[in-house]
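Commentary on secondary and tertiary structure
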Amino acid sequence: MYAIVTTGGKQYKAEAGKALKVEKLDVEVGATVKLDVLMLADGDKVVVGEAVAKAVVNAEVLAQDKARKVVVFKYKAKKNERKRQGHRQPYTVLKIKEIKA
C-alpha cells in the first residue's frame, strides 16, 4: 500500500517504513507529523477524492538538514561582469510510520 501525500507545495509517494526528503518543515527532530493524503493505492484498488478525506499518513521527523551546495554563476560577455553565488536548500527527512485508510 502507498499514498500520494502533499507538503510544501509538492507531492510525494509515501510507503510505510520508507524515508522521504521533503521541503523544510518547522518541527523538531523526533516529532510526529500528519501529512495530507491525495490518493491511496493498494494493489488494483485506487482511492481518490472525497473517499480519502479520512485517510492519514503519520511520519516521524528523522533529521533537519541542508542539501549539497549549488553554485550559480552569472556573467555578461565582454563586460567583465561576473557574479558567483552558492545556495544550500534546507530539507526535512521523514520516516513514514503508518498509512491509515
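Residues numbered from 1 in each chain as written. Predicted model: local features only at pLDDT ≥ 70, side-chain atom pairs only at ≥ 80, totals over all residues. Heavy atoms only, no water.

**Some details on the overall build of the protein chain**
To keep it simple, the criterion reads: Labels follow the DSSP assignment, with helices taken as runs of H or I lasting at least four residues and strands as runs of E lasting at least two, numbered in each case from the N terminus. Buried residues are those whose accessible area, probed at 1.4 Å on protein chains only, stays under 20% of the maximum for their type, while exposed residues exceed 50% and partly exposed ones sit between those limits. Per-residue and other accessible areas follow the Shrake-Rupley method at a 1.4 Å probe size, with only the shown protein chains counted as cover for residues. Only four residue types enter the tally: Lys and Arg on the positive side, Asp and Glu on the negative side; His and the chain ends are excluded. Here the site of a charge means NZ on Lys, CZ on Arg, CG on Asp, or CD on Glu.
In terms of helices and strands, the protein chain carries zero helices and nine strands. Counting from the amino terminus, helix and strand elements in the protein chain follow one another as β-β-β-β-β-β-β-β-β. Seen through its principal axes, the protein chain has C-alpha atoms that stretch 60 × 30 × 20 Å. The proportion of buried residues among the 101 residues of the protein chain is 26%. Carbon and sulfur atoms form 48% of the exposed surface of the protein chain, whose accessible area is close to 7500 Å². Computed over 22 positive and 12 negative side-chain charges, the separation of the two mean positions in the protein chain equals 13 Å.

**What about the pairing of strand β6 (residues 56-66)?**
What counts, and what does not: The pairing criterion for strands is at least two bridges between them, as found by DSSP.
Note that strand β4 (residues 32-42) and β6 share four bridges and pair antiparallel. Looking at β6, one finds that V33 is bridged to A59. Sheet topology places β6 next to strand β9 (residues 90-100); 10 bridges connect them, and they run antiparallel. Directly across from E60, in β9, lies its bridge partner K95.

**A closer look at the nonpolar core**
Worth spelling out the cut-off: Side-chain atoms within 4.5 Å link the members of a nonpolar core, which is a set of buried Ala, Val, Leu, Ile, Met, Phe, Trp, Tyr and Cys residues. Note on contacts: a residue pair is in contact if any heavy atoms of the two residues lie within 4.5 Å.
Counting 19 residues, the largest nonpolar core has V5, L35, V37, V57 and I96 as its most contacted members. The leading source of residues in this core is β4, at four residues. Setting aside residues no more than four positions away along its own chain, L35 makes contact with V5, T7, V57, A59, L94 and I96.

**Details of the packing of aromatic side chains**
Our working definition: Stacked, edge-to-face and tilted labels apply to pairs of Phe, Tyr and Trp rings (six-membered ring for Trp) whose centres lie within 6.5 Å, assigned for plane angles under 30 degrees, over 60, and everything in between, in that order. Charge-over-ring placement is defined geometrically: NZ (Lys) or CZ (Arg) within 6 Å of the ring centre, and within 35 degrees of the ring normal.
Counting across every chain of the model gives one aromatic pair. The ring of Y2 has K13 lying over it, and the distance from NZ or CZ to the ring centre is 4.5 Å.

**Here's the deal with unusual backbone geometry**
Both trends apply: most residues other than glycine have a negative phi, and most peptide bonds are in trans. Unusually for a residue other than glycine, K78 sits at a positive phi of about 65°. By the secondary structure assignment, K78 is in the loop between β7 (70-76) and β8 (81-87). What makes K78 exposed here is its relative accessible area of 86%. Positive phi outside glycine occurs at N80, with the angle close to 55°. With respect to the helices, strands and loops of the structure, N80 is situated in the loop between β7 and β8.

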